[in-house]
Amino acid sequence: MRRLILTTLLFASVLFVTDRAFGQNGPYQYYPLSPCRVVDTRNANSTNGGPAFSTDTTRNFSIRGFCGVPTTAKAVSLNLIVTQSSTGGWLTAWPSGQARPVVSMINFQSSDPALANGVIVGLSSNAQDLSVYNNFGSVHVIIDVTGYFQ
Amino acid sequence: MQGRVEPNELRKLHGPMAEGAKVQLERIAVGDTVRTFDLERFEVWAPNAELVLDRGDGTTEKLERPAVNYYRGTVDGDPDSMVFLAVGADGTAQGLVVADEVRYRMRTNDKREVTIDESDPLDDFPIDGSFSCGVDGLTMGGKKGVPSVKADALGGVAAEGTLSATATYTLNLAIETDYELYQDMGSNPATVTTFIGNVIGAVSTIYSRDLRTNVVIAFSRVQSSASDPFTINPGSSGLWNGSTQTYSTSHALAELGDLWHNSGTRPFNGPRSSVVLMSGKSQTAGVAWIGTSCGGDFSCSSGNCGSAVFDGHWAGGYAYIGLGNPSTTIPNPDATVGGIQYGLSANYWPVLGVAHELGHNIDGPHTHCFSLTPAQKTQYSVTRDYIDICVTGCYSGATSVPPEKGTVMSYCHLLGSSQSRFLMGKAGEVSELMKNHLMEYINSVTPNSRSITAPASMGTGTSSNASVVSPIAGITYDWSITNGTINGSTTGTTINFTAGTNPVTLRVKGTSSNGCASTDYVNVAVSSCTAPVLTTVLPVSHAITLGTSVELNATATGSGPITYQWYVGTSGNTSTPAAPGNGISASPTSTTNYWVRATNSCGSVDSATITVTVITPPSTTSMLYVLQPCRLLDTRNTTPIANGATRDIQITGICGIPSTAKAAVVNIPVVSPVADGYLGFYPTGGSWLGTSTVAYRVGKTRTNNAILALSAGGSTTVLNIGGTQNFIIDVTGYFE
């Protein structure tokens, strides 16, 4: 699997785009959006709502179709927020349907009331196009989308 | 064979126990059988009872209630059996047991064992030849045989109605005693009050079992001086109505009526159903007015009260019972245990006598004067013309005891001391006519709580009114509820209540000014139907991309089928219904509100408003341009942003960002936070959609990177939720 890593030049965040999932890997244009909350696990249980993450858990969210992200989007810029963590841990986000990359996108401690990190991450063509993994403890995850690439 | 009660069983009756509490005593040896007593704790004394010692010198003293707990019930559930137990504070007990028509005396002996002995038949009713009853001359007229004295004198007694199958009744007694009884009781006032409590307790046991009537004592008086107000000694002679007469119990009854009618000599002005004088004078006899309980006094003249003896005197709810010769009828000294004189005599004449005379007050004739209609004789398969023919009087002819023996209202004990049973009437036998007659009278003169109005059924948690009416004026009501809540006042003719679980029982006690009370209840069925409660409403307010659809879904719990209806608009606005169903799909083209209503047969529930924001993707594309990192803003050089404040920040035109830039790539350090909080950025002029860009924690300087969409004018707006805060914006690139 080839990974095109663009954004480490710019951010601490990571962009994964895979040719296997999309048939092409860019280049993509950026479309900025007014920040919009697309996932909040504090809400009632649903695709983009609860429940909270527990230890060693992966959940798949739907990003395209929400917040102005079109179904043709290939990647999104997100603000990844954690809150109410029971213990220290870390999250990874990646295009759903692929193997989980061995990276962390946000590291947090239980003493953090809330913590955020900006990331750019690719989306798969699945209806639930973004996977998020939590390695340890119970934590709520919030995703605010700030733009997309296509 | 002497029976006994195991100490462990009797111990169940020690200690505090609420009125009405049920307790079962098991393995009680009664005669040569082993029985079970089904008992109920009950109270003989009214809550505010007055107990008085009259010293005869114009002074009185308040007496304490006997330290006795009272229990009543039946043996093995036999409705014709009877148990009355008085248990002292020290655990000693005395009582009366009737099982299989045999009377037993139960008491603690000097070894502190509780024994049960069959009463000696010869000692049971030591009736002497002077026994008489002053109402014997009254004949049965009409269907119920109501003596004319009642109808003429009271006139206003409410008509009989249909007897409630559920009502219970209360009679408040005022008990008088005389100096002779005081002497018989060892001149001990406490012994007299204990005796009064035990006799009335036994009477209440009979009345509650057969007539659903509690007999309680509102007032009692003990006379410790020979100069008491009761001067008439039946059998002796004296001046009466201007001539010398031989006194009978009727004279004593008239003296009692005069004493209580005169407000100057009346010792108690509280509510009273009847006044009963328990006399220690020698004649074993009683007399009472018929059908006068719960009514007022009336004056007698020209023989209209049945005898010239009463002319010029007062009648009403009065009863006289002579307890007879102390040597044979007054409590056996061996009943004194542990310092308590329990006072139930070795025989039961006081119990029978008071029950009998009080029975007259509640309209009971003698059973040998209760004439039977041909239909009643056919119904009960009897050939005699009266309920019993134990004595000649109304009946003339040979006397005999009926197979079921006599009732309390009979004279059958004259044919054998145990031939009168402690029964007002026996179900299925002709004597039940007497029981029904007495109950109808009580029902007619007590508040008519039968007519409770309440809904037949309600839903759990719903409220309703209930009301009661009575044809008798001046009634006070007291309501109570089981499996529900009374909202506000529990008195008055109408209350409001909320149903709990199935079934609700509403009770109301109506008390008349003379202390006669009736308690009745209704059951209100409570449907198990519960209104819907929304458990899931999906989605929450959120934003979608133009051209996509949104799935609206709701789930509710509740009884029966639940229907769902989604609406467009704010919650409660039903003007724009969507397609019915709990799960629907909508494709709004602009920001739209939705809500859902779940309905079943017992109610509905509305969801909150869900706002679906529709966002149109930007049509212009942009490319990334990398900049040398550049500090665009540092509020430490200007002004920190206050909690709750927004600030517009120009991005383009600074750090080399052209005016055509669509978005900026930034790092945002929040410097030394003074509180926990977050910054949310959005394009100036747009809406903040509840997002967070940098979360900060007190004392920890943290940085987050973001791509900030810019307004057409090239600016961003930040909202700060937390503390008054300094922050920095460093740019590293832009999109255009």
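As a convention, each chain's residues are numbered from 1 in the sequence order in which they are written. To read the labels, note that chains go from A and ligands from 1, taken in the order they are written. It should be noted that, the model being predicted, local features are given only for residues of pLDDT at least 70 and side-chain atom pairs only at 80 or more, the latter also being counted only at that level, while totals for whole chains, interfaces and linings use all residues.

**Quick look at the overall build of chain A**
Turning to step 1, where the next piece is worked out: Runs of E in the DSSP output that reach at least two residues are strands. Runs of H or I that reach at least four are helices, and both are numbered from the N terminus. For chain A, the count of helices and strands is one helix and eight strands.
Turning to step 2, where the next piece is worked out: For chain A, the succession of helices and strands along the chain, N to C, is α-β-β-β-β-β-β-β-β.
Turning to step 3, where the next piece is worked out: Going through the 150 residues of chain A one by one, you find that 53% of them count as buried.
Turning to step 4, where the next piece is worked out: Two residues qualify as being in contact provided that their C-beta atoms, derived from the backbone, are within 7 Å of each other. Relative to all contacts within chain A whose residues are 6 or more apart in sequence, the contacts with residues 24 or more apart total 73%. For the exposure call, what matters is how many other C-beta atoms sit within 10 Å of a residue's own: 20 or more marks it buried, 12 or fewer exposed, and in between partly exposed, using C-beta atoms placed from the backbone.

**Thoughts on the environment of B:I452**
All names here are of chain B.
Turning to step 1, where the next piece is worked out: Relative to the elements of secondary structure, I452 occurs in strand β22 (residues 452–453).
Turning to step 2, where the next piece is worked out: Each C-alpha atom, one on I452 and one on V522, is 7.0 Å from the other, the two residues being 70 residues apart in sequence.
Turning to step 3, where the next piece is worked out: Residue contacts for I452: discarding those within four places in its chain leaves A466, V468, L506, V508, D520 and V522.

**Some details on helix α6 (residues 249–261) of chain B**
Residue and element names in this part refer to chain B.
Turning to step 1, where the next piece is worked out: Between the first and last residue of a helix there are one fewer steps than residues, each counted as 1.5 Å, and that sum is the expected span. For α6, which comprises 13 residues, the first-to-last C-alpha distance of 18 Å matches the rise-based estimate of 18 Å (1.5 Å per residue) to within 8%.
Turning to step 2, where the next piece is worked out: Of all 13 residues in α6, ten are buried; the element is thus mostly enclosed.
Turning to step 3, where the next piece is worked out: Turning to α6, its buried residues number three or more, namely T249, S250, H251, A252, L253, A254, E255, L256, G257 and W260.
Turning to step 4, where the next piece is worked out: For α6, the elements touching its buried residues are β11 (168–177), β13 (237–240), β15 (274–279), β16 (286–288), β18 (314–315) and β19 (318–322).

**Considering the sheet that holds strand β7 (residues 130–134) of chain A**
Residues and elements named next belong to chain A.
Turning to step 1, where the next piece is worked out: Pairing within the open sheet is antiparallel, and its four strands lie in the order β2-β7-β4-β5. This sheet does not close on itself; its edge strands, each paired only once, are β2 (57–61) and β5 (106–108). Each strand of the sheet is rotated relative to its neighbour by a mean of 20 degrees, with strand direction disregarded.
Turning to step 2, where the next piece is worked out: Following DSSP output, two strands are said to pair if at least two bridges run between them. Across three bridges, the pairing between strand β4 (residues 89–95) and β5 is antiparallel. Paired with G89 across the bridge in β5 is F108. To get an axis, a line is fitted to the C-alpha atoms, and for a helix only the part in contact is used. The angle between two axes follows their N-to-C directions and goes from 0 to 180 degrees.

**A word on the confidence of the model for chain A**
Turning to step 1, where the next piece is worked out: What pLDDT reports is the predictor's confidence in each residue, on a scale of 0 through 100. Summary statistics for chain A give a mean pLDDT of 82 and a share of 83% for residues scoring 70 or more.
Turning to step 2, where the next piece is worked out: Confidence over residues 1–24 of chain A falls short of pLDDT 50; this stretch has 57 contacts with residues more than four positions distant or in other chains.

**Comments concerning unusual backbone geometry**
It is generally the case that most residues other than glycine have a negative phi and that most peptide bonds are trans.
Turning to step 1, where the next piece is worked out: In this chain, A:G50 is followed by A:P51 through a cis amide linkage whose omega measures 0 degrees.
Turning to step 2, where the next piece is worked out: In this fold, A:P51 is placed in the loop between β1 (30–40) and β2.
Turning to step 3, where the next piece is worked out: Unusually for a residue other than glycine, B:S187 sits at a positive phi of about 55 degrees.
Turning to step 4, where the next piece is worked out: Structurally, B:S187 is set in the loop between α4 (179–184) and α5 (189–211).
Turning to step 5, where the next piece is worked out: Judged by the 12 C-beta atoms lying within 10 Å of it, B:S187 falls in the exposed class.
Turning to step 6, where the next piece is worked out: The residue B:C655 is not glycine, and still its phi comes out positive at about 60 degrees.
Turning to step 7, where the next piece is worked out: With respect to the helices and strands, B:C655 occurs in the loop between β40 (646–650) and β41 (663–671).

**A look at the packing of α5(B) against helix α8 (residues 349–361) of chain B**
Geometrically, a packed helix pair is captured by the angle between its two axes and the distance between the axes.
Residues and elements named next belong to chain B.
Turning to step 1, where the next piece is worked out: Axis separation between α5 and α8 bottoms out at 9 Å; the angle between their running directions is 60 degrees. Judged on the interaxial angle alone, α8 and α5 are oblique. The handedness of the crossing between α5 and α8 comes out as right-handed. Of the residues in α8, those touching α5 at V199, I200, A202, V203 and I206 are P350, V351, V354, A355 and L358.
Turning to step 2, where the next piece is worked out: Under the grouping applied here, Gly and all other residues not named as nonpolar or charged are polar, the nonpolar ones being Ala, Val, Leu, Ile, Met, Phe, Trp, Tyr, Cys and Pro and the charged ones Asp, Glu, Lys and Arg. When the residues that make up the contact of α5 with α8 are grouped by side-chain class, the tally is ten nonpolar, no polar and no charged. Orientation is classified from the angle alone, with under 35 degrees giving roughly parallel, over 145 giving roughly antiparallel, 65 to 115 giving roughly perpendicular, and any other angle giving oblique. Left-handed describes a crossing whose near helix is turned anticlockwise from the far helix through less than a right angle; right-handed describes the clockwise counterpart.

**Focus on the confidence of the model for chain B**
All names here are of chain B.
Turning to step 1, where the next piece is worked out: Of the residues in chain B, 90% reach a pLDDT of 70 or more, and the chain-wide mean stands at 83.
Turning to step 2, where the next piece is worked out: Taking the mean pLDDT of every element in chain B, the minimum, 30, falls on helix α3 (residues 148–154) and the maximum, 96, on strand β12 (residues 213–223).
Turning to step 3, where the next piece is worked out: Taken as a whole, residues 121–161 scores under 50 in pLDDT and shows 99 contacts with residues more than four places along the chain or in a different chain.
Turning to step 4, where the next piece is worked out: Confidence drops under pLDDT 50 across residues 326–346; counting only partners more than four residues distant or on other chains, this segment forms 51 contacts.

**Side note on the interface of chain B and chain A**
Turning to step 1, where the next piece is worked out: Residue-level contacts link 43 residues of chain B with 36 residues of chain A.
Turning to step 2, where the next piece is worked out: Elements with a minimum of two residues in the side of chain B that touches chain A: β30 (533–538), β31 (542–545), β41, β42 (677–683), β43 (694–696), β44 (702–709) and β46 (726–735) of chain B.
Turning to step 3, where the next piece is worked out: By residue class, the composition of the side of chain B that touches chain A is 23 nonpolar, 17 polar and three charged.

**Focus: the environment of B:K426**
Residue and element names in this part refer to chain B.
Turning to step 1, where the next piece is worked out: Counting through the fold element by element, K426 comes out in the loop between α9 (374–380) and α10 (432–445).
Turning to step 2, where the next piece is worked out: What makes K426 partly exposed here is the crowd of 18 C-beta atoms within 10 Å.
Turning to step 3, where the next piece is worked out: Separated by 21 residues in the primary sequence, K426 and K405 place their C-alpha atoms 9.9 Å from one another.
Turning to step 4, where the next piece is worked out: Residue contacts for K426: discarding those within four places in its chain leaves D80, E404, S431 and E432.

**A word on the sheet that holds β42(B)**
Residue and element names in this part refer to chain B.
Turning to step 1, where the next piece is worked out: Read across the open sheet, the four strands follow the order β40-β45-β42-β43; overall the sheet is antiparallel. Of all strands in the sheet, those bounded by a partner on one side alone are β40 and β43. The mean angle between the axes of side-by-side strands here comes to 25 degrees, regardless of whether they run parallel or antiparallel.
Turning to step 2, where the next piece is worked out: Where β40 lies against strand β45 (residues 715–721), five bridges are found, and the strand directions are antiparallel. Along β45, the bridge assignment pairs D648 with T717.

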